[in-house]
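Residue-level structural notes
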Amino acid sequence: MKINTASLCMTALVMSAIGLVAEEYRTVEEFADARRRYNGEWTYPQDPLASNIYSRVKSMYEGHWLSPFDYFLAVRGGGVEMEMETTNFFTFVSFVSNNCSAIAADWPTYETNEMVRFTTLSAIAYSGFDRMTNLADRVLAGYEANTNYCGWDTIRFINCPYGTRATKQYLARNYDVPGVSNLLQRIRALAVAHGNDVMRDDCDECLSGESKKHVLEMISIGAEWP
């Protein structure tokens, strides 16, 4: 019997994707509906900047051998550093970097579309320490006031922007800066309230200086960090 490798790969990807989105889509039907919506025509925000970002994100996931939604799931699973087509992404990073303040001020608009949420957060993580910490401060304030302000995945990403050059080191390497230590204390408090022991312990390790010590030790033996 001839094995269809492409079919097997697609099946594996879909099964992996179902696991990745288990918290978002509780049934196969919900997952299929999400794929249909994200692969179809999008609803764009009224705000010109947000609408522009939605359009740019959509175009980044089109033209791949996978459908836009399946390609997005692969990127979200592995992170933009490993999975995203770099030319298009860094053009997007440049645009986002020039508009970070306005994006942060209107963050809930970017939460309503998962592809936009994750891709925009990843772009901000590449936009520099000041822009990332400014977004973190604003988003944390919104979530502290109302837990419906954004999803928990956004708080987790702010703590550790996985799959980007920043990773968690943007906080760990600057834990002794007053503004950063404040961010870590606030993230820790939210982790405790959410019952997330792993994030709590991660914050404790950063606040103690152990994470920074580890990063510097790795750099001293040749590891590359931004």
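Let us look at the structure shown here.

A tally of helices and strands in the protein chain yields 15 helices and zero strands. Taken over 226 residues, the protein chain has a buried fraction of 43%. Within the protein chain, contacts between residues at least 6 apart in sequence are counted, and of these 67% link residues at least 24 apart. Summed over all atoms, the accessible surface of the protein chain reaches about 11600 Å², with 53% contributed by carbon and sulfur.

Let's shift gears to the side chain of Arg76. Along the polypeptide, Arg76 turns up in helix α4 (residues 68-78). Polar contacts involving the side chain of Arg76 include one to the side chain of Glu114, which spans 2.5 Å.

When you tally the buried positions in α4, you get nine out of eleven residues, the bulk of the element. Listed as buried for α4 are Pro68, Phe69, Asp70, Tyr71, Phe72, Leu73, Ala74, Val75 and Arg76.

Right, let's get into the packing of helix α9 (residues 114-125) against helix α10 (residues 129-145). Two numbers describe how α9 lies on α10: the axes approach to 8 Å, and their chain directions differ by 135°. What the angle tells us is that α9 and α10 run oblique. On the side of α9, the interface is formed by Leu121, Ile124 and Ala125, while α10 contributes Arg131, Met132 and Leu135. Grouping the amino acids of the contact of α9 with α10 by side-chain chemistry returns five nonpolar, no polar and one charged.

All chains considered together, the criterion is met by 16 aromatic pairs. A centroid spacing of 6.3 Å and a plane angle of 80° characterise the contact between Tyr38 and Trp42, whose relative ring orientation is edge-to-face. Here the aromatic rings of Phe157 and Tyr162 are separated by 5.9 Å at their centres, their planes lie at 65°, and the arrangement is edge-to-face. An aromatic cluster is defined as three or more aromatic residues linked by ring pairs; in this entry it consists of Phe31, Tyr38, Trp42, Tyr44, Tyr54 and Phe69.

Looking at the element boundaries, Thr112 is found in the loop between α8 (108-111) and α9. Sequence separation between Thr112 and Pro45 is 67 residues; the distance between their C-alpha atoms is 9.7 Å. Only 2.7 Å separates the side chain of Thr112 from the side chain of Tyr54, close enough to count as a polar contact.

Quick look at the pattern of salt bridges now. Within the structure shown, the criterion is met by 13 salt bridges. Two residues, Lys58 and Glu62, come together in a salt bridge whose shortest N-O distance is 2.8 Å. Among the ionic pairs, Arg76 bridges to Glu114, the shortest N-O distance being 2.5 Å. Note that Arg76 is positioned in helix α4 and Glu114 in helix α9, a separation of 38 residues in sequence. The exposure classification of Arg76 matches that of Glu114, with both residues buried. Members of the salt-bridge network, linked through shared partners, are Asp33, Arg36 and Arg37.

Our next topic: the environment of Leu73. The residue Leu73 is located in helix α4 in this model. According to the relative accessible area criterion, Leu73 is buried, its value standing at 2%. When the C-alpha positions of Leu73 and Glu83 are compared, they lie 9.9 Å apart, and in sequence the two are ten residues distant.

Let us look at the packing of α9 against helix α11 (residues 152-159). The interhelical angle for the contact between α9 and α11, taken along N-to-C directions, is 20°, at an axis separation of 11 Å. As judged from the angle between their axes, α9 and α11 are roughly parallel. For the crossing formed where α9 meets α11, the hand is right-handed. Between α9, through Arg117, Phe118, Leu121, Ser122 and Ala125, and α11, the contact on the second element is made entirely by Asp153, Thr154 and Phe157. Of the residues that constitute the contact of α9 with α11, the class distribution is four nonpolar, two polar and two charged.

Parameters at a glance
Residues numbered from 1 in each chain as written. Predicted model: local features only at pLDDT ≥ 70, side-chain atom pairs only at ≥ 80, totals over all residues. Heavy atoms only, no water. Helix = DSSP H or I, 4+ residues; strand = E, 2+ residues; numbered from the N terminus. Buried < 20%, exposed > 50% of the residue type's maximum accessible area, 1.4 Å probe, protein only. Contact = heavy atoms within 4.5 Å. Areas by Shrake-Rupley, 256 points an atom, 1.4 Å probe, with all protein chains shown as cover. Polar contact = N/O pair within 3.5 Å; in protein donor to acceptor, adjacent residues only side chain to side chain. Axes fitted to C-alpha atoms, helices over the stretch in contact; angles between N-to-C directions. Parallel < 35°, antiparallel > 145°, perpendicular 65-115°, else oblique. Nonpolar A, V, L, I, M, F, W, Y, C, P; charged D, E, K, R; others polar. Phe/Tyr/Trp six-rings, centres within 6.5 Å; stacked < 30°, edge-to-face > 60°. Salt bridge = Lys/Arg side-chain N within 4 Å of Asp/Glu carboxyl O. Left-handed = near helix turned anticlockwise from the far one by under 90°.

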